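Coordinates in review
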Amino acid sequence: LNNKLIQMSTFRSGTTGAPSDANTMFFQKGLQDMIKGIRTHKKDPSAFISQAIADIKAELRMTDPYIKAEAVRKLTYLQMLGYNVSWASFS
């Protein structure tokens, strides 16, 4: 699975060589991974959500638009669950 994600990241970033660690580091934790983590930490998800939000903030600073799009998808999901994501307003 990790090789598939690395290949997808390489394809999306348009590079032909090995992808950089910065591009693949964040891309490996997608929306589905976040949903699984929330379900796993069902009794007390606050620590997991805090870490996920920190990861999302870092992903939004990346230059790769696909990583940013995945971060926005995660933010949308968190907002649907009732978490405050007003800090991520785009103007």
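Quick look at the structure, then. (Residues numbered from 1 in each chain as written. Predicted model: local features only at pLDDT ≥ 70, side-chain atom pairs only at ≥ 80, totals over all residues. Heavy atoms only, no water.)

**So, the pattern of salt bridges**
For the structure shown, the criterion picks out three salt bridges. Between E59 and K74 there is a salt bridge, with the nearest N and O atoms lying 2.9 Å from each other. Highlighted residues: E59 in helix α4 (residues 46–60) and K74 in helix α5 (residues 65–80), separated in sequence by 15 residues. Residue E59 shares its accessibility class with K74, and that shared class is buried. Across the pair E70 and R73 runs a salt bridge whose closest N-O atoms are separated by 2.8 Å. Here the residue E70 and the residue R73 both occupy positions in helix α5, the gap between them amounting to three residues, near one helical turn. (Salt bridge = Lys/Arg side-chain N within 4 Å of Asp/Glu carboxyl O. Helix = DSSP H or I, 4+ residues; strand = E, 2+ residues; numbered from the N terminus. Buried < 20%, exposed > 50% of the residue type's maximum accessible area, 1.4 Å probe, protein only.)

**Overview of α4**
Its 15 residues place the ends of α4 21 Å apart at the C-alpha level, agreeing with the 21 Å of an ideal helix rising 1.5 Å per residue. Listed as buried for α4 are I49, A52, I53, D55, I56, A58, E59 and L60. (Expected span 1.5 Å × (residues − 1).)

**Observations regarding the layout of surface pockets**
Size it by volume and the second largest pocket reaches roughly 170 Å³. Around the second largest pocket, the lining residues are K29, G30, D33, M34, F48, Q51, A52, D55 and K74. Elements represented by at least two residues in the lining of the second largest pocket include exactly α3 (31–40) and α4. In terms of residue count, the dominant contributor to the lining of the second largest pocket is α4 (four residues). (1 Å grid on protein atoms, 1.4 Å probe; cavity = no way out; pocket = protein on both sides within 12 Å on 5 of 7 lines; lining within 4 Å. Points joined across faces, edges and corners; volume = space filled by probe spheres on them.)

**Structural notes on the environment of I67**
Among the structural elements, I67 can be located in helix α5. As for I67 and I56, which are separated by 11 residues in sequence, their C-alpha atoms are 9.4 Å apart.

**A short note on α3**
For α3, the complete set of buried residues consists of L31, M34, I35, G37 and I38. Buried residues of α3, seen end-on, are gathered within an arc of 160° and therefore sit on one face of the element. Of the exposed residues in α3, the ones pointing more than 90 degrees away from its buried face are Q32, K36, R39 and T40. Of the surrounding elements, those touching the buried residues of α3 are α4 and α5. (Arc of directions from axis to C-beta. Contact = heavy atoms within 4.5 Å.)

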